[in-house]
Amino acid sequence: MDPKNIWITFPELLTWFPLVAGLAAFAIRKEKTVKAWALLSAIITLAISVVSLVYADNTKYFYLNNVSYFWLKYLGSNFTLGLDGMGQLLTALTAVSFPVIFIATQKTGYKNANVFYGLMLLTQAGLMGVFAAKDVLVFYFFWELAVIPAYFLCSRWGGEKRIQATFKFFLYTFTGSLLMLVGIIYVYMHTNATPYAEHSFGMNAFYSAILSTTEQNWLFCLFFIAFAIKMPVFPFHTWQPDTYEQAPAATTMVLSGVMVKMGVFAVIRWILPVFPDAVNKFDHIVIGLSVTGMIYASLIAIKQDDLKRFVAWSSIAHIGLMCAAIFTTGQIGLQGVMIQMFSHGINIIGMWIVVDLIEKQAGTRKISELGGIAHKVPSLTIFLVIIALANIALPLTNAFVGEFMMFSGLFKFSVLYTAVAGLSIILAAVYTLNMVQKVFYGEVNSITEKMQEISLGQKMVLSVLLIFIFLFGVYPQPLFDLTKDTVVTLLTRFK
Amino acid sequence: MEGLMSITEILFWCLSILAMVSAILVVASKSPVHSILFLIVVFFAISGHYILLNAQFLAIVNIIVYAGAIMVLFLFVVMLMNLNAESEPKKNRILQFSGLISGGCLFLVLIAAVTKSTQATNLVHMGGGNAGLIKNLGMVLFKDYVIPFEISSILFLSAMIGAVVIGKKEK
Amino acid sequence: MEIKWYIGLAVALFCTGIIGVLTRRNSIVIFMCIELMLNAVNLLLVAFSKMHAASALGQSMPSVVSDAQIFVFFIMVVAAAEVSVGLAIIVMLYRNTHSVDVNFLNRLKN
Amino acid sequence: MNAILFTAIWGVVMMLGGAFIKSKTTPKYLAIFGLILIIIFNGLELSSGTPLLMVDVKNMLVLNSFNLTFINVALGCTLLYFLLNGRDIEKVGEHVSEYFALIFFVLCGITIISAFNTLLMLFIGIEIVSIPLYILTGSDKRNLKSNEAALKYFLMGAFSTGLMLLGIAFLYGGSETGSFFIGNIISGNEEMPAMIAIGLVLLLISMSFKVSAAPFHFWTPDVYDGAPAVFTSFMATIVKAAAFFAFARLFENAFGNMHQQWQMLIVILIAATLLIGNLTAVFQQSVKRMLAYSSIAQAGFMLFALFALNNMAKEGLVLYAAAYSLASIGIFAILIKMKDYTIDGFNGLAKQQPVLAITATVFLLSLTGIPLTAGFQSKFYMLLAAVQNGHHIWLVILAVLCAAISAYYYFRIIQAVYFKESAETEILVEYITPSFKIVLVITALLIIVLGMFPYFLTNWLYY
Amino acid sequence: MNNVLQMAWLIPVLPLIGFLITGLGRKQLSRSMSGFIGSGTVFLSFLISIYVFYNVKGGNTHVAHYFDFINIPALKIGFDLQIDQLSSVFLLIITGVGFLIHVYSTSYMKAEAPKDFAKYFAFLNLFVFSMLLLVLGANYVIMFMGWEGVGLCSYLLIGYWFKNTSYNVAAKKAFIMNRIGDLGFLLAVFWLISKLGTADYHEVFTSVSKLTATDITGISLLLFVGAMGKSAQIPLYTWLPDAMAGPTPVSALIHAATMVTAGIYMIARSNLLYTMAPVTQGVVAIVGLATAILAATIALKQNDIKKVLAYSTVSQLGYMFLALGVGAYTGAVFHVMTHAFFKALLFLGAGSVIHAMSGEQDIRNMGGLKKYMNITHITFLLACLAIAGMPPFSGFFSKDEILAGAFERSPLLWGVGVAGAVMTAFYMFRLYAMTFLGKFRGTAEQEHHLHESPKAITVPLIMLAILSVIGGWIGIPEIFMHGGHRLEAFLAPVFAQSNALTEKHHLSHTTEYMLMGISVLAALVALLYAWSKFSKYQRTDTEDTGLAKVLANKWYVDELYDSIIVMPVQSLARFFSNVVEKKGIDGFVNGIGKAVNYSSRQIRLIQTGQVGTYILLMVLGILVFFIVQLFL
């Protein structure tokens, strides 16, 4: 296809459209209109990403998925966006999740809704940019652009303790990203010249940067801390439960459904290829941490009485597995991570939706105060049970594929870690079933008495999620085909 | 020649001692008025040095501007406020002491540094030399240094405005 | 006469000034000590200028010598200006507080 | 050259104006008009390379595109400053036009110290900057804080002048050439002689005093806090930036080729400044004082220019000057409008004054160094320069950690503005004109544009 | 490709469809409709299974590949179904017994509200689907899907009456214990993948030579761990008795006939690995035997009719594992089959009794039911005889084969096995006698509506009774009839590789006769003793003491697990969330913030507000700088 007659590319569309729509949203005063507008734009974005998936094949449609124009010319940073398999996957996830979230939280009212939805869409733009960036500086910009609106969303519309909680979250991530910035600059100084500058921020320049092993080691630390905080990996996780608990439901969904993937994505995109030696050096430490985190988080999840915190902890546990699998630097493990990024996004969003519905109706998140919802709202129960089981990777659900592959990748790497990590499978069953039993089974009580059947829209949204869950649980191959090349090319650096 | 040199040396030392002693007295003496007077003495001593170094212009300016104008200004202010020995409350000892010490240290450090350097023993061209004569300096000032000279007028303008802004009584 | 003596004298005067600044509380006296410091500098400059005069450099280009003395002149000029402003401030202060003690006012701290 | 002359002239004009104009508002317009003229002239000089009237400066001043650009930045910021704070300057006292005159003199001094080529010019320039500032600091005569600030500023300023002069004297004595021209104080990069070293240290100290770098920063919080807020805003931004420019200019041209021998001092300065500035700012309750400390913290970042001393650093310095000045002027302008200068005074501002709230947010984000703001770009350039220099990477890491701390106190304001509630009845700010809002928005936009396209500014340096 | 077995996917999919219809339409469907759909779909797949069976019998086995499940360069896992002798046998058992139990349920669950009724059938169908997937899967991954699927269904069905917390707890226990096993299973699969890069039965068994002995042992052990969980072996057996909380047909189908035998199927499927790992075989045999005995002992003192059956199931499963352990794979499968018949029958009978007793399950309150419910009584008796191993009932043949196999390995195993058989006979007839003989011990109004159950219940009973009588005749030992063991002949291909590895030293006929005689006689004695002892049982409220008490309390195993596993985990979790998290990590993070604040509060005190101090500090700074610059 001739690049000349392409006037706009998919990554641009995916990034700019939400941005513009978001800015426009600020201008809309009426709550209903702005909601409709946000939903509409989210759906359009989804449509765009669906189309882009059709043209995903970079061998044929390279110029539809890649674009670059001058930016900080003399610093060697061009505004480069590009979608490879992984990028496609995650932009798709982003595109899917936002309409779902908007529909699911349709009922919730916000004061100055226009700001709320504007910020949400800005966050989406930021996420898209992060997943599409092929230039470190651009990546960094979008990385922050995604966080700042999220921060405002959380501390403006969150719970009582929102300010401290989300500020903690912000400081955490900000510190992390600043450290990363130093790392970026350092690597930049070791990249090759470009026509206009003696160094370059381009992705390929970074991939081919010459770094001694010692340099790689401490640079790795700088980068990894930033991403570990975002994922989060034990012991950098302490911001997460508080933030998820305090943030408004919609934002929480974005945070845990998509933004968490930023960390995973970034590790794969920016750490593995740039610091291969360091990765081989630190893999045991990182995997050790992740595995510890899995068990740790699972155990704590057992003790949680707050539904949101419960989900948060379980999420930490699952992310731990992803992080571990990445550092096995094996094909199976990484493919597992790829598919799991998507699946985890879907499942966790589903979890949040259900939790949110419960909170909205029952007015409490305390597991101990709930019970017998299965009588009042059987449909909700069915949805939750399925999603929860998907979350703990029951076969024929999407998460199973991912976890299966990640575990077997990990097994290749080390039997011991796998055995320990495996315990989390059991623990996951324990805490999930505990929750299901306490919340949904048993006798109806005064609090759950007043709950009603959920709306059709919500049912539809959840059903969509279920479709994803089962579709990719039974036939995940499309996702593999999408990401295969990314993984293979990535692993060529670990020969 | 020998004798002459020795005379200048003697003069140098006398002036130096005079300057130092009165400088110390400036700091030490209780009453501000005394300090001022001693400071004037210091200035005179320094002017003496200038003459020794054959920098007549500066010697004169120093006397006129400093000893004459500035110090008198000080004197006026002090008188105006009729400050006397008792008016200054005692400063706490530790601070004074540490001030003394650190000042001394600074002195030692500087001296040590200077003596280290090779240039310390360069000779100074006493007497002679006509660079410091009023005529020559005048030439230089109004030929090469006309720009800074003009610019310094701004300084005085702002000083003047300052006097107005700050000194003028509010209505 | 070797330059080091002049340096010694100037530095000594300068440090005396500093010590005065550090040990006194009367703002006027402190100000005078600062003047003392400036004069020490002047002396030093002149001495240096004559030192250069003595050196080969001075012979070749006499401007080196006069530069320093002009500089001293400017220092005096500036000092004069400074004094007028400084005293104005002190007087203003005295008007408001009837004190010239530098530590009398410390509303601004921490 | 134009800038120097016309600022001086206009200063005189304003001064005389003070004698004849009785109305309080006229001087403002006069000043703004004059400033615009000056900017135009300077811009012409920058673009054409030839000043309007040639004056033989005997090479005591050097006006290249680099410092002309800087001067333009400074003048431009001052223009914004006038536009934003004109009314507040009128409120300070009755000598309105005198204040403006003084500000013009300061500008004159700024142009001098950003173009000086001999130590003499540096000295005079700095004095021309300082003396009016002493006065402006004390201009709120009835207010004891103002008096106190003026006295402190004056005494310490004079003291530092003394140090500087001693330094100059030693440089003169120590240099082989016996010249005050910064170019040829030292020749070659051999081990520097003791006297030069003394002179260098003393100059370094006096300059760090001017730019309020720890441990010579002590005057800053008190003076900024005591001075009338309008003038604080001016001092803390444009003047400080200029001082930095002079600092960098002096040390690059005079001692650049023996950089390694004094880099350690800069390292100490940076570390101390960053830590003290940021840590102390954290606990402040008064926003004004907090900003004073934050200005110290920012100075820590600007010092990287001297640490690195390469092209990147020079670009960065100009960028930083612009970014920092814009943001601080903006936030100060808002602060001045507030009834209550404490952080709680900002509670619930977003409800009452959305425009102020959003712009304030932009300014604070820029000060924090969030991407898409000029603040980020400038910090980024500084870090680039520092890393390029290659030594003491730990210092860079320390810097970013401190930046994280700074986020802590800047965001306290943002939180107050957006997330805290005020007692519904009380009005937080006094009357605000639409024009004020417009200028604020423009400033904010400038910051964002610079944040996205820093080369709009940096390209001028190589014009 | 145009192999008729290609359409094997219908077999599991039909129940799946049934599940979807009944599940989604549960609000609309009437009882009869959902009952019909539920049983109908299963019946259809039963028919297909028969068809498939005959195909296979005709020697036509087939691996049907439908689509790629995972297909990346490093790993290929197809969504394949394997139809061969082994799976076809299981297909028959599952669909056949499954169908009967569905029919039975239509009447048994009448009391339920229509939508719960539908839900019940949905779950039941889902179970059948998973079970079929389990046995049809052509690689361990597909098997694992079914494997966890059945676990899930058993969870759902045990907790079917979810209002009752204790039921939920039981369900949870079942699921978690299964998960523990599943972990073992998974690890085994990972091991296979990491060593062979495949999980396909065929490829694994062909390339098994690539594996070292340790690999094989490890893999087989881990697989066995999986089997422990699923088939309720020591130490993971405690969930099965609790699982009786579910509706009785469920117990019959899942916890007797099919699911619990998944472990046996799996080991039989991977028989080669086990044959090549003698260590594992030993472990399997011993664990199996131990379970058999332990469960039997416990069963002796249980009074809940279903509990007794549950423990007997456990112990029978133990026998099957014994068989597997000693390499008598055919025996194991054979016993699975017969056991499916008679145990299902027993449960259904018990269900019928409970139904009649309107929910009463304690046999001490029963007795003399034989005059009220005849068919139930007869069929139950037959089943008891079968399980007690009385010739010519089905149990006899299978159990005998197992014992024979055990004897081949070591007489000791045989001896213990016989002891177990004796106990079995004893407690079964204790149960029988206490339930049906003697006079009724229940309350009056219970007595007044005692009645024989309706057709839908009795017909399946009868069918199963017939099966449990004649079911054994497909496996008549050589000594009675040459070529009598048709099952062995049929299954031979599956175990061919293993049999090739183990040389068969046949017992002499005399010993074989002797062994049979002994075991049968011993059992018979126990049987009669129990009959006489309990036929006129009278309620005596004397506390059990000593061993009896221990048995009545199931050897206190639950309590043991509670104290050595559950409690520690709980307290560890509490420790983490309260101490490590709050005080430790988060404490540290917040500590940084506090430290900054504190230092800020301290540092700002330097700013004394006094010029003197400031200048002093400056001078000190100057000194430092000079020293750094000039003297360092």
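About the thresholds
Residues numbered from 1 in each chain as written. Chains lettered and ligands numbered in written order. Predicted model: local features only at pLDDT ≥ 70, side-chain atom pairs only at ≥ 80, totals over all residues. Heavy atoms only, no water. Helix = DSSP H or I, 4+ residues; strand = E, 2+ residues; numbered from the N terminus. Buried < 20%, exposed > 50% of the residue type's maximum accessible area, 1.4 Å probe, protein only. Areas by Shrake-Rupley, 256 points an atom, 1.4 Å probe, with all protein chains shown as cover. Rg over C-alpha atoms; globule rule 2.2 N^0.38 Å. Contact = heavy atoms within 4.5 Å. Expected span 1.5 Å × (residues − 1). Bend = angle between axes of the 7 residues up to and from the residue. Pairing = 2+ DSSP bridges.

Asker: Just checking my understanding: could you explain the overall build of chain E for this structure?
Answerer: Each helix and strand counted, chain E has 25 helices and two strands in total. Seen along its three principal axes, the alpha-carbon backbone of chain E occupies a region of about 115 × 65 × 55 Å. Going through the 632 residues of chain E one by one, you find that 63% of them count as buried. Taken as a whole, chain E presents about 21,800 Å² of accessible surface, with 69% of it coming from carbon and sulfur.

Asker: Help me out: how do you make sense of the overall build of chain C in this one?
Answerer: On a plain count of helices and strands, chain C comes out with four helices and zero strands. Ordered by position in the sequence, the α and β elements of chain C form the string α-α-α-α. Rg of the C-alpha trace for chain C: 18 Å, well past the compact-globule value of 13 Å for 110 residues, more than 25% over. In chain C, 59% of the contacts between residues at least 6 apart in sequence involve partners at least 24 apart.

Asker: It is not clear to me how helix H3 (residues 56-80) of chain B should be interpreted in this structure. Could you clarify?
Answerer: One turn of the α-helix equals 3.6 residues, which is why residues spaced by three or four share an orientation. Taking 1.5 Å of rise per residue, 25 residues should cover 36 Å, and H3(B) covers 34 Å from first to last C-alpha, within 8% of that figure. Residue Met71(B) marks the point of greatest curvature in H3(B), where the axis turns by about 30 degrees. The complete set of buried residues in H3(B) reads Phe57(B), Leu58(B), Ala59(B), Val61(B), Asn62(B), Tyr66(B), Ala67(B), Ile70(B), Met71(B), Phe74(B), Val77(B) and Val78(B). Looking at the packing, one finds that the buried side of H3(B) touches helix H2 (32-52) and helix H5 (134-143) of chain B together with helix H2 (27-54) and helix H4 (63-97) of chain C. At the exit of H3(B) stands Asn82(B), carrying a positive phi of roughly 25 degrees.

Asker: Teacher, can you tell me more about the pairing of strand E1 (residues 66-72) of chain A here?
Answerer: When a strand is regular, its side chains alternate between the sheet's two faces. Residues and elements named next belong to chain A. Sheet analysis places E1 next to strand E2 (residues 77-82), joined by six bridges and oriented antiparallel. Bridged to Tyr-69 within E2 is Phe-79. Where E1 folds back onto E2 in an antiparallel hairpin, the turn is made up of four residues, including Gly-76, whose phi is positive at roughly 75 degrees.

Asker: For this particular structure, what's the right way to read helix H11 (residues 249-271) of chain A?
Answerer: All names here are of chain A. When the terminal C-alpha atoms of H11 are compared, their 32 Å separation across 23 residues agrees well with the 33 Å that a helix rising 1.5 Å per residue should span. Along H11, the helix axis deviates most sharply at Leu-255, where the bend reaches about 35 degrees. With respect to burial, H11 is a largely interior element, 23 of its 23 residues being buried.

Asker: Even after reading the chapter, I still don't get the environment of Leu186(E), so can you show me in this structure?
Answerer: In this structure, Leu186(E) sits in helix H6 (residues 165-196). Look at Leu186(E) and you get buried, because its relative accessible area is 8%. Taking the C-alpha atoms as reference points, Leu186(E) and Gly226(E), 40 residues apart in sequence, are found 8.2 Å from one another. Sequence-distant contacts of Leu186(E), defined by excluding residues within four places in its chain, comprise Phe404(A), Ile425(A) and Phe144(E).

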